[in-house]
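# Descriptive structure summary
The residues making up each chain are set out below.
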Amino acid sequence: MRRPLHTQNHTMTSLAGSSVCLLVVMTLLMVASLVGDLIARLWAEMQPLLILFGAA
């Protein structure tokens, strides 16, 4: 009686583990793209200032 429950539990945990891994990867990718956008925007806004500083 106890055996099938154990195997079912194991499959559930492995499924949960793989889905958690996938979720973490997706979150990291989203964060990376957001950070890239932020850096690009900051760089675009900072460039005129850098040019001004370079001219001065």
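Residues numbered from 1 in each chain as written. Predicted model: local features only at pLDDT ≥ 70, side-chain atom pairs only at ≥ 80, totals over all residues. Heavy atoms only, no water.

## Re the overall build of the protein chain
A count of helices and strands for the protein chain gives one helix and zero strands. Counting only residues that meet the buried cut, the protein chain has 0% of its 56 residues in that class. A total accessible area of about 5500 Å² is found for the protein chain, and carbon and sulfur atoms account for 76% of it. (Helix = DSSP H or I, 4+ residues; strand = E, 2+ residues; numbered from the N terminus. Buried < 20%, exposed > 50% of the residue type's maximum accessible area, 1.4 Å probe, protein only. Areas by Shrake-Rupley, 256 points an atom, 1.4 Å probe, with all protein chains shown as cover.)

## Things to note about a nonpolar patch on the surface
Where nonpolar side chains cluster on the molecular surface, the patch consists of Leu38, Leu42, Trp43, Met46, Leu49, Leu50, Leu52 and Phe53 and spans about 870 Å² of accessible area. Within the secondary structure layout, Trp43 lies in helix α1 (residues 2–55). Taking the relative accessible area as the measure of exposure, Trp43 reaches 48% and is therefore partly exposed. (Patch = residues over 30% accessible without salt bridge, like charges linked within 9 Å, V, L, I, M, F, W, Y side chains within 5 Å. Salt bridge = Lys/Arg side-chain N within 4 Å of Asp/Glu carboxyl O.)

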